[in-house]
Amino acid sequence: MNWREIFLHEGRNIAAEMAGGNFILLLVIMNVSWSFQTSDTVNPCCYFPCQHKGVCVRFDLDKYECDCTLTGYYGRNCTIPELWARIREFIRPSPSFYHYILTRYKWFWDIINATFIRDIIVRLVLTVRSNLIPSPPTYNSAYGYISWEAYSNVSYFTRVLPPVPDDCPTPMGTKGKLQLPNATLLVETFLKRRQFIPDPQRTNLMFAFFAQHFTHQFFKTYGRMGRGFIKGFGHGVDLSHVYGDSLERQHTLRLFRDGKLKYQIINGDMYPPTVLEAPVHMIYPENIPKEKQLAMGQEVFGLLPGLMMYATIWLREHNRVCDVLKKEHPTWDDEQLFQTTRLILIGETIKIVIEDYVQHLSGYYLKLKFDPELLFGVQFQYRNRIAVEFNQLYHWHPLMPDSFLIMGQEYNYSNFIYNYSMLTDYGVEGLVESFSTQIAGKIGGGNNLHPRLLYIAIGVIEESRKLRLQPFNEYRKRFGLKAYKTFQDFTGEEEISAQLEELYGHIDALEFYPGLLLEKTHPGSIFGESMIEIGAPFSLKGLMGNPICSPEYWKPSTFGGETGFNLIKTASLEKLVCQNVKKCPFVSFHMPQSTDEEHHPSSTEKKSDEL
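Student: A description of the overall build of the chain should follow, citing residues and the corresponding values.
Tutor: Summing up its helical and strand segments, the chain has 25 helices and eight strands in all. When contacts within the chain are restricted to residue pairs at least 6 apart in sequence, those whose partners lie at least 24 apart make up 70%. On the chain, roughly 27700 Å² of surface is accessible, and the fraction owed to carbon and sulfur atoms is 55%.

Structural data, given as structure tokens:
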């Protein structure tokens with residue numbers, strides 16, 4: 001009980017004792033109590049009192065209740081474990097422990113991967129991770145409580161935690177300073193690159209551009225609508241970055257013959273059409289002529305050659321699969337060929353993301369597996385909503401290097417951005433080979449964001465404040481992690497932790513995105529514990545919650561028979577590239593063993609002068 005509650009409680013006791021004798025004094029005490037409550041009472045939910053996913057419900061100015069339903073805990077703040085919760089907490093290993101086990105003892109995991117035990121563990125990983133994401137969705141940025149609007153209005157990003165109440169005494173609830181530190185100061189001090197830090201997991205630029213290309217189909221903030229809105233209605237893997245996020249855009253990109261997309265042939269190879277041939281809205285500088293502007297599903301993909309490269313690969317894959325299906329089904333019309341090919345490419349994407357992309361990112365020796373049938377026997381909802389927190393988390397721009405090395409030629413940012421001719425000059429093979437052999441930057445730990453990209457991180461932090469995201473520690477607790485007690489515990493060192501404490505005032509006031517990027521990293525890992533434990537559930541729920549993974553869809557007939565079904569089951573990053581180029585290059589999300597030092601610039605200062 002805080003001092004305000006003590007004052008009110010004792011005042012009422014005194015009033016009760018004197019009720020029979022001094023009525024005037026009773027009225028005075030009652031008036032003092034009433035005026036104190038109305039003028040200086042803090043919303044109790046600002047203290048985030050409810051633990052273990054309990055929901056805070058405010059009843060009076062200074063009264064609240066925690067709804068502990070199905071949490072496994074009870075008590076005023078959902079802190080007393082029930083028997084099964086007590087047993088589960090006792091036997092459950094910590095996330096750091098099982099991350100250690102999964103990333104060590106390769107000989108052991110080689111044995112496991114060859115047995116049925118692999119399927120059991122993968123099923124457990126999928127269900128445990130996915131169950132951390134609420135389905136159906138619970139909150140959006142307009143409401144701090146469950147509402148029908150939060151469920152039905154798919155033009156909003158959903159949220160895992162409701163916004164910090166508007167009437168809290170500090171921006172982060174009750175902890176920390178009355179004003180958050182300047183976003184530009186935070187980024188300049190803690191995120192700006194001093195010297196390029198290569199990723200210890202040996203991630204390359206092929207991975208970096210895949211991440212950017214892949215996520216642009218569902219991370220589409222629509223600021224013109226207001227806070228927390230998403231452009232279009234796609235909340236998962238729908239390949240809208242290939243086909244467009246509207247029927248009108250899709251039709252403009254389609255050839256309407258044999259199910260194919262429009263294309264142009266340059267030097268004997270297939271590339272996306274120009275905006276003259278497929279007049280969709282694309283974002284290009286005014287100095288780039290229309291006949292050089294490529295028309296793609298996502299309007300921003302002309303920004304970087306790496307995005308144009310992936311757009312070209314998927315265009316070729318779509319038209320290649322159309323040819324396969326046309327041979328299998330000569331009676332099918334254009335529409336059926338197009339629609340079935342799209343389903344196959346969605347399946348190929350999910351297979352590549354789980355077995356190549358997530359596999360590399362996790363660092364696990366356990367081989368992940370895309371097999372929707374693993375979840376057919378468990379309760380699972382085949383619908384996904386993209387969350388604000390997932391959108392914030394996925395800003396991985398520290399991956400970007402100081403400059404780009406393409407077939408021995410070095411390009412700084414000014415020469416790389418909107419370089420529309422690089423794709424056709426070097427070809428898909430040249431870009432794939434170059435990106436696969438240039439190392440990417442480390443995401444976590446701070447001070448690895450290129451100066452040209454600082455504005456993005458500043459925008460992310462400012463957006464999180466408009467959306468009133470809860471503190472970093474509240475998200476750790478929501479995803480089953482222990483809250484950090486001090487900044488030194490959080491960073492693992494003294495200097496940065498002291499600076500953060502000076503700026504924020506309290507560890508419980510640390511913001512979500514800075515927390516993810518500045519957290520101490522796992523040994524030899526690309527980022528820290530929170531990025532893995534919070535990001536993985538969003539990712540796996542979004543992938544396995546796709547309709548094609550449901551029992552109704554996951555069958556040969558959905559994909560045109562066994563031939564189409566096998567295209568998904570055998571998909572890989574290497575096959576995606578090599579089946580769509582004349583000569584197969586080295587292709588991987590992982591650096592080759594012999595090219596660590598020679599494929600990233602050693603002098604950050606020299607490159608900064610050139611930008």
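Student: Residues and numbers for the packing of aromatic side chains, please.
Tutor: In total, this model carries 35 aromatic pairs according to the counting rule given. Seen from their ring centres, Phe 207 and Phe 589 are 5.6 Å apart, and the 90° between their planes marks the pair as edge-to-face. Residue Phe 207 is located in helix α9 (residues 205-215), and its partner Phe 589 is located in the loop between α24 (573-578) and α25 (604-610); the two are separated by 382 residues in the primary sequence. The rings of Phe 207, Phe 210, Phe 214, Tyr 310, Tyr 357 and Phe 589 are connected pair by pair, giving a single aromatic cluster. Here the basic side chain of Arg 476 rests over the ring of Tyr 484, its NZ or CZ set 4.1 Å away from the ring centre. Directly above the aromatic system of Phe 565 lies the positively charged group of Lys 569, at a separation of 4.0 Å from the ring centroid.

Student: Which residues make up the state of the cysteines, and what values go with them?
Tutor: By the definition in use, this model includes five disulfides. With its sulfur 2.0 Å from that of its partner, Cys 45 forms a disulfide with Cys 56. On the sign convention where negative means left-handed, the S-S torsion of about -85° between Cys 45 and Cys 56 marks this disulfide as left-handed. Within this pair, whereas Cys 45 is found in the loop between α2 (23-40) and β1 (55-60), its partner Cys 56 is found in strand β1, the two being separated by eleven residues in sequence.

Student: So, the pattern of salt bridges: which residues are in play, and what are the values?
Tutor: This structure, assessed with the given rule, holds 21 salt bridges. Between Glu 529 and Arg 476 there is a salt bridge; the shortest N-O distance is 2.9 Å. Placement of the pair is Glu 529 in helix α22 (residues 529-544) and Arg 476 in helix α18 (residues 472-478), with a sequence separation of 53 residues. By relative accessible area, Arg 476 is classed as buried at 3%. A network of salt bridges, in which partner residues are shared, links Arg 254, Asp 334 and Glu 335.

Student: Give me the lowdown on a nonpolar patch on the surface, citing residues and values where you can.
Tutor: Together, Leu 83, Trp 84, Ile 87, Phe 90 and Ile 91 make up a nonpolar patch on the protein surface, roughly 670 Å² of accessible area in all. Here Phe 90 is to be found in helix α3 (residues 83-91). For Phe 90, a relative accessible area of 74% translates into the label exposed.

Student: If you had to explain empty space enclosed by the protein to someone new, which residues and values would you point to?
Tutor: Using the criterion set out here, one finds eight cavities of 30 Å³ or more in the structure. One number sums up the size of the largest cavity: a volume of about 330 Å³. Taken together, 23 residues line the largest cavity, and the ones lying closest to its centre are Val 358, Leu 361, Ser 362, Ile 532 and Ala 536. Breaking the lining of the largest cavity down by element, the ones donating at least two residues are α6 (117-130), α13 (334-362), α14 (388-393) and α22. Here the lining of the largest cavity gets six residues from one element, more than from any other, and that element is α22. Here the lining of the second largest cavity is composed, by residue class, of nine nonpolar, three polar and one charged.

Student: Residue-level account of the pairing of β1, with values.
Tutor: With five bridges connecting them, β1 and strand β2 (residues 63-67) associate as antiparallel partners. Across the sheet, residue Asp 60 finds its bridge partner in β2, namely Lys 63. Here β1 folds back onto β2 in antiparallel fashion, the turn holding two residues.

Student: Outline the nonpolar core, supporting the account with residue identities and numerical values.
Tutor: In terms of nonpolar packing, the biggest core is built from 147 residues, with Met 309, Tyr 357 and Trp 396 touching the most fellow members. For this core, the leading source of residues is α13, giving twelve residues. Among the nonpolar cores identified, the runner-up in size contains eight residues, and Cys 50, Tyr 64, Cys 66 and Tyr 73 belong to it.

Student: Lay out the packing of α13 against α22 with the relevant residues and their values.
Tutor: Packing of α13 against α22 brings their axes to within 10 Å, and their N-to-C directions diverge by 150°. Taken together, α13 and α22 sit at an angle that is classed as roughly antiparallel. Crossing of α13 against α22: the hand is left-handed. Facing α13, whose interface residues are Ile 350, Val 353, Ile 354 and Val 358, α22 presents Ser 539, Leu 543 and Met 544. Of the residues assigned to the contact of α13 with α22, the class counts are six nonpolar, one polar and no charged.

Student: Go over the packing of helix α8 (residues 183-191) against helix α17 (residues 454-466) with me, naming the residues and quoting the values.
Tutor: The relative placement of two packed helices is expressed as an angle between their axes plus a distance between the axes. In the contact formed by α8 and α17, the axes pass within 9 Å of each other and the chain directions differ by 130°. The orientation of α8 relative to α17 falls into the category oblique. The handedness of the crossing between α8 and α17 comes out as right-handed. Note on element contacts: α17 touches α8 through Leu 454, Ala 457, Ile 458, Ile 461, Glu 462 and Arg 465, opposite Ala 183, Thr 184, Leu 186, Val 187, Glu 188 and Leu 191. For the contact of α8 with α17, a count of residues per class yields eight nonpolar, one polar and three charged.

Rules used throughout
Residues numbered from 1 in each chain as written. Predicted model: local features only at pLDDT ≥ 70, side-chain atom pairs only at ≥ 80, totals over all residues. Heavy atoms only, no water. Helix = DSSP H or I, 4+ residues; strand = E, 2+ residues; numbered from the N terminus. Contact = heavy atoms within 4.5 Å. Areas by Shrake-Rupley, 256 points an atom, 1.4 Å probe, with all protein chains shown as cover. Phe/Tyr/Trp six-rings, centres within 6.5 Å; stacked < 30°, edge-to-face > 60°. Lys NZ or Arg CZ within 6 Å of the ring centre and 35° of its normal. Disulfide = S-S within 2.5 Å. Salt bridge = Lys/Arg side-chain N within 4 Å of Asp/Glu carboxyl O. Buried < 20%, exposed > 50% of the residue type's maximum accessible area, 1.4 Å probe, protein only. Patch = residues over 30% accessible without salt bridge, like charges linked within 9 Å, V, L, I, M, F, W, Y side chains within 5 Å. 1 Å grid on protein atoms, 1.4 Å probe; cavity = no way out; pocket = protein on both sides within 12 Å on 5 of 7 lines; lining within 4 Å. Points joined across faces, edges and corners; volume = space filled by probe spheres on them. Nonpolar A, V, L, I, M, F, W, Y, C, P; charged D, E, K, R; others polar. Pairing = 2+ DSSP bridges. Core = buried A, V, L, I, M, F, W, Y, C linked by side-chain atoms within 4.5 Å. Axes fitted to C-alpha atoms, helices over the stretch in contact; angles between N-to-C directions. Parallel < 35°, antiparallel > 145°, perpendicular 65-115°, else oblique. Left-handed = near helix turned anticlockwise from the far one by under 90°.

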